[in-house]
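Each chain, letter by letter, is given below.
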Amino acid sequence: MERREQRQGLDFTVENVEQALHQLYYDPNIENKNMAQKWLMQAQVSPQAWQFSWLLLSSDRVPEIQYFGASALHIKISRYWNDIPADQYEGLKSQLFSQITQFATGSKIVLTRLCVALASLALSMMPEAWPCAVSDMVRMFQAGDSNVDGQARCLALLELLTVLPEEFQTSRLPQYRKGQVRSALAQECGCVFPLLQQLLQQQDSPGYIKQKVLKCFSSWVQLEIPLMDCETLLEVAFASLRDPELFDTSVEAIVNTISQPDAQRYVNTLLKIIPQVLALQDQLRQAVQSGDMETSHGLCRIAVALGENHSRALLDQVDHWQSFLALVNMIMFCTGIPGHYPVNETTSSLTLTFWYTLQDDILSFETEKQSVYMQIYRPVYFQLVDVLLHKAQFPADEEYASWSSDEKEQFRIYRVDISDTLMYIYEMLGAELLTNLYEKLGRLLTTSEQPTSWQHTEALLFGFQSIAETIDVNYSDVVPGLIGLIPRININNVQLADTVMFTIGALAEWLADHPVMINNVLPLVLHALGNPELSISSVSTLKKICRECKYDLPPYAANIVAVSQEVLMKQIHKTSQCMWLMQALGFLLSALQVEEILKNLHSLITPYIQQLEKLADETPNPSNKLAIIHILGLLSNLFTTLDISHHDDDHKGSEAKKLPIVQGPNPVVVVLQQVFQLIQKVLSKWLNDAQVVESVCAIFEKSVKTLLDDFAPMVPQLCEMLGQMYSTIPQASALDLTRQLVHIFAHEPAHFPPIKALFLLVSSVTLSLFQQGPRDHPDIVDSFMQLLAQALKRKPDLFLSNSLDIKGVFQCGVLSLKFPESPTVKASCNFFTEMLPRCGEVTPVGQVVNENGKMLLQAVLEGIGGQAARSLMDNFADILFSLNKHCFSHLSIWIKEAMLQEGFPSSRVTPEQKANFSQQILRERVNKRRMKEMVKEFTLLCRGLHGTEYTADY
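Cut-offs applied
- Residues numbered from 1 in each chain as written.
- Predicted model: local features only at pLDDT ≥ 70, side-chain atom pairs only at ≥ 80, totals over all residues.
- Heavy atoms only, no water.
- Helix = DSSP H or I, 4+ residues; strand = E, 2+ residues; numbered from the N terminus.
- Buried < 20%, exposed > 50% of the residue type's maximum accessible area, 1.4 Å probe, protein only.
- Areas by Shrake-Rupley, 256 points an atom, 1.4 Å probe, with all protein chains shown as cover.
- Lys, Arg positive; Asp, Glu negative; His and termini not counted.
- Charge placed at Lys NZ, Arg CZ, Asp CG, Glu CD.
- Salt bridge = Lys/Arg side-chain N within 4 Å of Asp/Glu carboxyl O.
- Polar contact = N/O pair within 3.5 Å; in protein donor to acceptor, adjacent residues only side chain to side chain.
- Contact = heavy atoms within 4.5 Å.
- Axes fitted to C-alpha atoms, helices over the stretch in contact; angles between N-to-C directions.
- Parallel < 35°, antiparallel > 145°, perpendicular 65-115°, else oblique.
- Left-handed = near helix turned anticlockwise from the far one by under 90°.
- Nonpolar A, V, L, I, M, F, W, Y, C, P; charged D, E, K, R; others polar.
- Phe/Tyr/Trp six-rings, centres within 6.5 Å; stacked < 30°, edge-to-face > 60°.
- Expected span 1.5 Å × (residues − 1).
- Core = buried A, V, L, I, M, F, W, Y, C linked by side-chain atoms within 4.5 Å.
- pLDDT = per-residue confidence, 0-100.
- Arc of directions from axis to C-beta.
- Disulfide = S-S within 2.5 Å.

For the chain, the count of helices and strands is 45 helices and 0 strands. For the chain, buried positions account for 54% of its 954 residues. When the accessible surface of the chain is split by element, carbon and sulfur atoms take 50% of a total near 42500 Å². Here the chain contributes 75 positively and 103 negatively charged side chains, and the mean placements of these two sets differ by 5 Å.

Before going further, it helps to examine the pattern of salt bridges. As enumerated under the stated definition, the model contains 34 salt bridges in all. One salt bridge in this structure joins Arg61 and Asp60, with 3.9 Å as the shortest N-O distance. Here Asp60 falls in the exposed class, since its relative accessible area comes to 65%. Note that Arg547 and Glu548 form a salt bridge whose closest N and O atoms lie 3.2 Å from each other. Owing to a relative accessible area of 36%, Arg547 belongs among the partly exposed residues under this scheme. Connected through salt bridges with shared partners, the residues Glu18, Asp60 and Arg61 form a single ionic network.

Now for the side chain of Gln283. Assignment of secondary structure puts Gln283 in helix H15 (residues 281-289). With a relative accessible area of 9%, Gln283 lands in the buried category. At a separation of 3.1 Å, a polar atom in the side chain of Gln283 contacts the main-chain carbonyl oxygen of Leu241. When sequence neighbours within four positions are dropped, the list of residues in contact with Gln283 reads Leu241, Arg242, Phe247, Thr295 and Leu299.

Moving on, we get to the packing of helix H39 (residues 806-816) against helix H41 (residues 843-867). Taken N-terminus to C-terminus, the directions of H39 and H41 make an angle of 20°; their axes are 10 Å apart at the nearest point. In terms of orientation, H39 and H41 fall into the roughly parallel class. With respect to the hand of their crossing, H39 and H41 are arranged in right-handed fashion. Between H39, through Ile806, Lys807, Phe810, Gln811 and Val814, and H41, the contact on the second element is made entirely by Pro844, Val845, Val848, Val849, Asn852, Gly853, Met855, Leu856 and Ala859. Among the residues forming the contact of H39 with H41, the class breakdown is 10 nonpolar, 3 polar and 1 charged.

A word on unusual backbone geometry. Residue Pro342 is bonded to the preceding Tyr341 through a cis peptide linkage, with omega at 0°. Here the residue pair Phe904 and Pro905 is connected by a cis peptide bond, since its omega of 0° sits within 30 degrees of zero. Structurally, Pro905 can be placed in the loop between helix H43 (888-900) and helix H44 (911-923). You will see that Leu708, though not glycine, has its phi angle at about 50°, which is positive.

For the structure shown, the criterion picks out 25 aromatic pairs. Seen from their ring centres, Phe52 and Phe68 are 6.3 Å apart, and the 15° between their planes marks the pair as stacked. Of this pair, Phe52 sits in helix H4 (residues 49-56) while Phe68 sits in helix H5 (residues 63-79), and the two are 16 residues apart along the sequence. Under the relative-accessibility criterion, Phe52 is labelled buried at 1%. Plain terms: the ring middles of Phe411 and Tyr414 are 6.5 Å apart, the flat faces sit at 35° to each other, and that makes the pair tilted.

Our next topic: the environment of Leu164. Within the secondary structure, Leu164 sits in helix H9 (residues 150-170). Judged by relative accessible area, Leu164 falls into the buried class, the value being 0%. Sequence-wise, Leu164 and Leu941 are 777 residues apart; in three dimensions their C-alpha atoms are separated by 33 Å.

The next point concerns helix H42 (residues 873-886). With 14 residues, H42 extends 20 Å from end C-alpha to end C-alpha; this agrees with the ideal 20 Å at 1.5 Å per step. Most of H42 is tucked away, with 11 of its 14 residues classed as buried. Within H42 the residues assigned to the buried category are Met873, Asn875, Phe876, Ala877, Asp878, Ile879, Leu880, Phe881, Ser882, Leu883 and Asn884. Buried residues along H42 sit in contact with helix H40 (822-835), H41, H43, H44 and helix H45 (928-943).

Of all hydrophobic cores here, the largest spans 329 residues; its most connected members are Trp220, Tyr377, Phe700, Phe711 and Phe799. Here the element with the most residues in this core is helix H7 (residues 108-125); it accounts for 12 residues. In this structure, Val14, Val17, Leu21 and Leu40 belong to the second largest nonpolar core, which totals 14 residues.

With 95% of its residues at a pLDDT of at least 70, the chain reaches an overall mean of 90. Scored below 50 in pLDDT, residues 651-660 makes 13 contacts in the model with residues more than four places away or belonging to other chains. Segment residues 948-954: pLDDT under 50, and 11 contacts once partners within four positions in sequence are set aside and those in other chains are kept.

Once that is clear, we can look at the environment of Gln276. Within the element layout of this structure, Gln276 appears in helix H14 (residues 267-278). As a C-alpha pair, Gln276 and Ala239 span 37 residues in sequence and 9.3 Å in three-dimensional space. Here Gln276 is in contact with Leu234, Glu235 and Phe238, once residues within four sequence places are set aside. A polar contact of 3.3 Å, which involves the side chain of Gln276, links it to the backbone oxygen of Lys272.

Let us now look at H43. Between its first and last C-alpha, H43 extends 19 Å over 13 residues, near the 18 Å set by a 1.5 Å rise per residue. Every buried residue of H43 is accounted for by Leu891, Trp894, Ile895, Ala898 and Met899. Down the axis, H43 shows its buried residues gathered within 120° of arc, on one side only. What points out from H43, more than 90 degrees from its buried face, is the exposed set Lys896 and Leu900. As for H43, its buried residues are in contact with H41, H42, H44 and H45.

One pass over the structure, following the stated rule, counts 0 disulfides. Note on Cys546: no disulfide assigned, nearest cysteine sulfur contributed by Cys549 at a separation of 8.3 Å. For Cys546, a relative accessible area of 0% translates into the label buried.

Written as C-alpha cells, this is what we have:
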C-alpha cells in the first residue's frame, strides 16, 4: 500500500520513468507491475513527456527504455497535436529525422516507433504546413550521411514510407482532413513508386530490401491509388512470386492491389492482369504435386481476389469471355485441389464466396446477356457440384480416426459452408440439379460391378439434404425415387447413418403430402433412436416427422411411443435430446383421440411421476436437484407441443377432417391437476433454489402458451400457488409466469378475481423488496417492470384497486431507471410508456403522474445527461414523447425548473443549449423519430462527444 502511494506521488522525471519501466519488465510481483504500468500511462500523456522522451532515446539506454521514449513521442504528437505551438513544428521534424537516422543501424522496434511518430507529424502538417512531406522524406534519406551505411538508410526510408499509409488508416483525423490528406498522399506516390521500382529491378538489391519494398507497395495501394499507376510494380510483384524469399510479400502486395474497391474502374488494367494470373497455373500445379500448401494457398488467393472483386466488370467485357472463363476454371482447380480439408489442404475454402459472387453477377444481367452466360456457365456449375461433393467426402475410416477433434470440427464447418453453397447453386441449376444427384445415387446403389465406398453414397445424400433442407422440393419428381432408394443403402457407418437421418428429416414436409411413403423410412428412424452415436440426427428427424406428419401417424403412434419410452428409460440420450424427444411425442399425441392421449400420457409419465414422488421425500442435495430439474424439463417440453386445439396448425381443407373432436377437459390440464400437489410438495423443499422454481414455472408457462384458453381450469389454483411461492421467496420466474396469466386471462371476468389478487400480492411483496434495497435483484426488478407494463396494456383496471400503492409502484419505476443493467432500464422505460397514456382513463394513475412526474423527468434527464448507456437513449426519448403528449402542461413547467439547476443534467452543456433542447422537446408532439434524434444530439453534448469520431456510428 505504501509503495502504491509512493509511486502515485512521484514526479515524471527520466529517473522515475526508468525505475517504473524496470519494475514493469522485471518485478515478479503482479500488483507492482500493474501499478507501474498505470503510472507510466499517466507519464506518457503528461507535459513532462516532451522532456523525458528525447532523453530516454540516448544510445546508452536499453531498447525497452528507448522504445518507451519513442512511443511517448508518438502519443503526444498523435493525440495532443493541438498543444504543440506552430513555431515548434520544424524543430520537432528535424529532431525526429535526426533520431531516425541514428536508429537506422539501431534497434528495429525503436526505429519503427520513431517512423510512426514522424508519420503522425507529417499527417497533422499536410498539406498546408508541410506540402511535399513525402518527397522531402525521400530527399532527406537519399542525401547521404557519411556516418550511416547506405542500405541502413534505405531500410529506414522504406520503414517510414511503409508506416505512413498505415498511420493514416488508423489516425484520428477529422473526416474533412482525412479527404485532404488522402489526396495529398495519393499525389505523392509519384515520388514513391519510381523509387520502389528501381530498388526491385536493381540486380544487386538484397532480398530483405526487396521484401521491404513489396511491403511498402502493399501499404501504399490501400490509399486508393489508381490501378493503372500500379501496373509496373504489379508486373515486378508477379515476377517476384518465383523467388521463395519474396513469395509471401508478393502475394500480399498483389492481393491488396487487386482488392482495392476503386480498381474495378480500370478495366483495361484488369484485362492485362488476367494473363499474368493465368501464367501462374504451372507454378500452382507444381506446388500441389509437391504438397507445398503455402505456395498453392498464396497463388489461389491471387486468382480468387481477381475473380471475386471484379467478376461483374470482367463479365461486362463480352469480347474477353474466354480469358475470364479460363480464370474461372483456374479457380475451379483451386476449389477441387486434391487432399482433405483441413489436413492436406486449406485452400479450397477460400474459393466458395467467389461462386456466390459469380452466380449473382450472371443472374443480375438483362435477359439476353444472361441467357448467353447461362449457356456458358451452367455446365461449369454442374461441374462445381461434382467438385464440391467430392471435397465434402469423408476420408477413409482409419485416416479420419487419426484426425484431432479440432480438425474434425473444422471439417464439419467446411461441410456446412459447402452445404450453403449447394443450396445457393440450386437457384441457378434448378430441378435439374436434383435429377442429376438422384441419377448418380441410383447408379451407385444399383450397380453391382464394383463395391461403392460409403463416403461416395454419403456425399450424394449430403448434397440432396443440403438442398431439401431449405428449398421446397414438394414438386420434385425425383423425391419418391429417393425415398425408395434410402432403404437400399447399406448403413454400416455412423457418418452415413447421420446423413441418412438428416436427409429423411429434410423431407418431412414432403412426407406429410405423401403419407403412403412414411412407412419406408420410419422404421430406420426408430431403429436409429437406440444408437447414442446417432442421438442428434435421429431425435431431430423424429421430431420433424412428428411435427409435419402428425395427422398420418396414429397407426404408428403406439410403436413410436414404445420405442421412445424405451430409449428414455435406458438414458441413451443427453438432456437436450431427451427434451426434443418429448417435444416430438407432444406433436404425435396432439393428433390422437383424447382417450388415446390420456392412455399414452399415463404410460409415458407414470415412471417419472413415481421418480419425482421419491425425490420429493429426499433431503435436497445437488444430485437429486439435477434429477428433479430433468423430470420437470421433460414435462415442460411435452406440454410445449401437446396441443389438441391445434392453435399452431396451418392445415386447412382436407386436413381439417382429420382433427379429433375435443370433449371434456384438455389432457394436459388433467395431468397437471393430477401432479399439482406433488409439484407443490417439491416446491416446498426447493423454494430457495432459483433453478428448481424456474423449472416448475416453465411447466405452467409452456402449458399456458400452448393451451391458451384451455388452461382456464388451472388458473385459480396456479394463482394461489404462485402467490404463496412469491411471498415466501421472490423469484423472477414467478413474475414472468404471472405476466403470462395477465396476458391471457386478465380480460376474462371469470378469471379476473384470482389474477387481480395475485397481481396485488406480488406488487406488494416487490414493493417491500424495494424498501430493503433492490440492487441485488435486477432480474426481479426487470420482470416486475415487464409485469406492470403488461397489466397496463391488457387490463388497466388492475390499477384501480385501492390495495395497489400506485405511488410506490411509480417510485420503483423511477428507481429502476437508474439501474446499471440495460435490460432492466429498458423494461422500466416500457412501463412508463404504457403508464403515461393511461393518465386520462385511470384516475389514480393520472393523479400519481401529476404529483410525481417531475421526479420521473429528473431521472430521465439524468440518464440522458450521461448516467445511462447511450444505447438506451431511444427508450428515454419514448418517455419524453409520452410525457409531452399526455402531460404537456405539467412538462413545460417541470422541464423549465429542472434545467435551472446548475450543472444539470451535465456540466458540459450551456444554459442556451439546455433552453434550446427544452423548447425542441416541447414542440415535438407528433414525430417520435425526430424526438429520438434530438435526445441523441443532446446526450452527445452532455457527454462532450458531439462532433467527435465517437459519433460516427451513433
